[in-house]
Amino acid sequence: MKYVLLLCCSAIILQNTFGSVAILPKNDTLRAMLKIKDDECYDDLYNVGRIPVGQKKRIPQICATLTCNSDYDIDVTGCGVMSVEGCRVEDGDLKLPFPDCCFNVICDEK
Ligand SMILES: *[C@@H]1O[C@H](CO)[C@@H](O)[C@H](O)[C@H]1NC(C)=O
């Protein structure tokens, strides 16, 4: 689960920034085994399963989405972080859609 590490854990944060944090390369063996169609990607890392080419699906257990590229690689898009003093971060609500599920940043007034 090394990708998940990129999505969390910074004590001081300025604002939410979103971006691609990883690429999951297609797995032809798996595609053949599961008879994945030519217009779909397949994710087994996050158990999201089939994703139509060009579409996104939310990863339920973390605040990130998977996008199926035309070459069947999958783009992982998560909540980014930037650091600044005087701000703290609260966990977002995983029930919300991406990117609303990203953490909330609270900056203390000076
Ligand atoms: C592709 O999937 C197969 C079947 O699950 C697995 O054995 C293999 O290690 C995977 N290959 C890669 C490169 O992840």
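The chain appears in an unreviewed UniProt entry as Single domain-containing protein from Rhynchophorus ferrugineus. The record held by UniProt for the chain lists under Subcellular location (unreviewed entry) the comment "Secreted".

Kindly report on unusual backbone geometry, identifying the contributing residues and their values.
The step from F98 to P99 runs through a cis peptide bond, and the omega angle for that step is 0°. Mapped onto the fold, P99 is located in the loop between β7 (87–90) and β8 (104–107). A positive phi is found at N47, a non-glycine position, where the angle reads about 60°. Examined against the element boundaries, N47 turns out to sit in the loop between β2 (40–43) and β3 (49–52). Classification of N47 by C-beta neighbours within 10 Å gives exposed; the count is 9.

If you had to explain the confidence of the model for the chain to someone new, which residues and values would you point to?
Averaged over all residues, the pLDDT of the chain equals 82, while 78% of them reach at least 70. A low-confidence stretch, residues 1–16 (pLDDT under 50), is modelled with 36 contacts involving residues beyond four sequence positions or located in other chains.

Kindly report on the pairing of strand β5 (residues 64–68), identifying the contributing residues and their values.
By the criterion of burial, β5 is predominantly enclosed, with four of the five residues buried. Judged from the four bridges that link them, strand β4 (residues 56–59) and β5 form a sheet pairing that is antiparallel. Residue pairing across strands places I59 opposite A64, the latter belonging to β5. Joining the antiparallel neighbours β4 and β5 is a turn of four residues. Two strands pair when backbone bridges link them, and β5 and strand β6 (residues 74–80) are joined in this way by five bridges, in the antiparallel orientation. Each bridged residue has a counterpart across the sheet, and for T67 the counterpart in β6 is D75. Between β5 and β6, which follow one another and run antiparallel, lie five residues, and Y72 among them has a positive phi close to 75°.

The rules behind the values
- Every chain is numbered independently, its residues counted from 1 as its sequence is written.
- Thresholds applied to this predicted model are a pLDDT of at least 70 for local features of residues and 80 or more for the giving and counting of side-chain atom pairs; totals over whole chains, interfaces and linings are not thresholded and use all residues.
- UniProt positions are given in the numbering used here, feature names are shortened, and annotations may be inferred rather than shown by experiment.
- Secondary structure elements follow DSSP: runs of H or I of four or more residues count as helices, runs of E of two or more count as strands, with numbering from the N terminus.
- Field definition: a residue is buried when 20 or more other C-beta atoms are found within 10 Å of its C-beta, exposed when 12 or fewer are, and partly exposed for counts in between, with C-beta atoms placed from the backbone.
- Scored from 0 to 100, pLDDT reflects the predictor's confidence in each residue.
- Contact criterion: two residues are in contact if their C-beta atoms, reconstructed from the backbone, are within 7 Å.
- DSSP calls a pair of strands paired once it identifies at least 2 bridges connecting them.

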